[in-house]
Amino acid sequence: MNQFLFLERELLGAIRARSGVLFSLALLFLLLFLATFASFYLFPTAGDGPGGLLTADRVIARLSPRLSTAAIDDLFATIQDRSDVREVRFEFGTESAPRASGGRFLIRATSAVAARGLVDGLRSMDGVEDVEVGTAPVGASHLVLSGYARIGLLCGLVVSACAFLLLAWRGFRALLHTFRGEIRLMRLSGISEKTLYPPLVVLGVLLGALASLLLIAGLYLFQVMTGGANPALPLDATRLLGVALLSFLLGLLMGGLAGLFGASHLTARQFDPLP
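Predicted model, so just to flag it, every value in this text is computed and none were measured.

Each value, and the rule that gives it
- Residues numbered from 1 in each chain as written.
- Predicted model: local features only at pLDDT ≥ 70, side-chain atom pairs only at ≥ 80, totals over all residues.
- Heavy atoms only, no water.
- Phe/Tyr/Trp six-rings, centres within 6.5 Å; stacked < 30°, edge-to-face > 60°.
- Helix = DSSP H or I, 4+ residues; strand = E, 2+ residues; numbered from the N terminus.
- Buried < 20%, exposed > 50% of the residue type's maximum accessible area, 1.4 Å probe, protein only.
- Polar contact = N/O pair within 3.5 Å; in protein donor to acceptor, adjacent residues only side chain to side chain.
- Contact = heavy atoms within 4.5 Å.
- Pairing = 2+ DSSP bridges.
- Axes fitted to C-alpha atoms, helices over the stretch in contact; angles between N-to-C directions.
- Salt bridge = Lys/Arg side-chain N within 4 Å of Asp/Glu carboxyl O.
- Expected span 1.5 Å × (residues − 1).
- Arc of directions from axis to C-beta.

Some words on the packing of aromatic side chains
The relation between two aromatic rings is expressed through the spacing of the ring centres and the mutual angle of the planes. This structure, assessed with the given rule, holds 4 aromatic pairs. Look at Phe-23 and Phe-172: their rings are 5.1 Å apart centre to centre, the planes differ by 80°, and that puts the pair in the edge-to-face class. A residue pair is termed long-range when its members are at least 10 positions apart, and Phe-23 in helix α2 (residues 17–42) and Phe-172 in helix α5 (residues 147–178) qualify at 149 residues. An identical accessibility class is assigned to Phe-23 and Phe-172; each is buried. Measuring from centroid to centroid gives 5.7 Å for Phe-90 and Phe-105, while their planes differ by 65°, and the two rings are edge-to-face. You can see Phe-90 sitting in strand β2 (residues 85–92) and its partner Phe-105 sitting in strand β3 (residues 103–109), a full 15 residues away along the chain. Owing to a relative accessible area of 25%, Phe-90 belongs among the partly exposed residues under this scheme. On the basis of relative accessibility, which here comes to 0%, the residue Phe-105 falls in the buried class. In this structure an aromatic cluster arises from ring pairing among Phe-76, Phe-90, Phe-92 and Phe-105.

Structure representation (C-alpha cells):
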C-alpha cells in the first residue's frame, strides 16, 4: 500500500507542461462526453403532441385501423363541434412511427381542465382505441430532442469519447516519458513493470471522477440558478440524482479505460532497464 501511494504521488509530481495540457484537453473532452450522455436523459424526446410537446391542454386520440374514411370524417366533425375543443388535426399513423397502423386526432382543448373532461368523451366514441392527455404545463416550451438531434448527439458521443481516449493516451505517454528514468531504475532493481499498472489506472480514474464531479456541479448550479423550475429543462430530484450517478459511474469507467491504455506504453523499449 505504501509503495502504491508513493508511486501515485511520484506520477502526479511528474506531470509537466506537455502532459498537463494533454490531460486538460482530455478532461475537457470527457466532460463533453458525459454532458452529451446526460443530455439523452435530461432532455425529453420529441413528444407526440403538436410541435413535439404534449401540454396539459392537448389530447391524442388513436383510432382503429379498421375505420373507413367516412367514419374518420364523422368523428372529426363530431369532435370539432364540441364546445371544449379549440382545434383538431388528423395525422396518419405512419407520420409518428414508420410501422404504426391507423391514424390519430391531435386535439387542443380550451383548457387543461377541459382536456381532462374530453378524455372520457373520446373513450366512449366508437373507433377510438386509446386516448392520451398531456401533462406538461400549458404554455411551457420544453427543450426536446428530435430524431435528428439524437443522431447528432450520438455522433458527438462517439467523437468526444475517441478524442478523450486519444488525448489521454498521449498524455500518459508524455507523463511516462518524463518518468522514464525512475521506471528504468525500478526495472533494474527487479520491480516488475506491472507494479505501475494500478497507479496509472487510478490516475485515469481520478481524471474521470474529476470530470464527473464537474458535470454534477454544473447540473446543481443550473438548478440553483433557475430555482429548480426552469420550463425549458424540467428536472425532478429523482431524475437529476439518476443522471448524476450514471454520469459518475461512466466517468470512472472511461477514466479507468484511459489508464489501461496509458499503461500499455510501459512495454515500449525506452523503458527497458538496459536500452
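Let's talk about the side chain of Glu-91
Within the fold, Glu-91 resides in strand β2. Side chain to side chain, Glu-91 and Arg-104 meet in a polar contact 2.5 Å long.

Some details on the environment of Asp-130
Positionally, Asp-130 belongs in strand β4 (residues 128–133). According to the relative accessible area criterion, Asp-130 is partly exposed, its value standing at 37%. Between the C-alpha atoms of Asp-130 and Arg-62, which are 68 residues apart in sequence, the distance is 5.2 Å. Setting aside anything within four residues of it in sequence, one finds Asp-130 in contact with Ile-60, Ala-61 and Arg-62.

Let's talk about the sheet that holds β4
Either a parallel or an antiparallel arrangement is found when strands of a sheet pair, and the pairing is made through backbone hydrogen bonds. Sheet architecture is open: 4 strands sit in the order β2-β3-β1-β4, paired in antiparallel fashion. Of all the strands in the sheet, just β2 and β4 have a single pairing partner and so form its edges. Shown here is a sheet whose adjacent strand axes are inclined to one another by a mean of 20°, direction ignored. Against the sheet, helix α3 (residues 69–80) makes contact with β1 (58–63), β2, β3 and β4, and its axis sits at roughly 160° relative to β2, the strand it touches most.

Considering the pattern of salt bridges
What the rule picks out here adds up to 6 salt bridges. We note a salt bridge from Asp-57 to Arg-108, for which the minimum N-O separation is 3.7 Å. Taken as a pair, Asp-57 in the loop between α2 and β1 and Arg-108 in strand β3 lie far apart in primary sequence, 51 residues in all. Residue Asp-57 is classed as buried on the basis of its relative accessible area of 6%. A relative accessible area of 26% means that Arg-108 is categorised as partly exposed. Where salt bridges share partners, they join Arg-62, Asp-130 and Glu-132 into one cluster.

Some remarks on helix α1 (residues 2–13)
Given a rise of 1.5 Å per residue, 12 residues ought to cover 16 Å, and the 16 Å separating the end C-alpha atoms of α1 matches this to within 8%. Looking only at α1, the buried set comprises Leu-7, Glu-8 and Leu-11. Down the axis, α1 shows its buried residues gathered within 100° of arc, on one side only. Turned more than 90 degrees off the buried face of α1, the exposed positions are Asn-2 and Arg-9.

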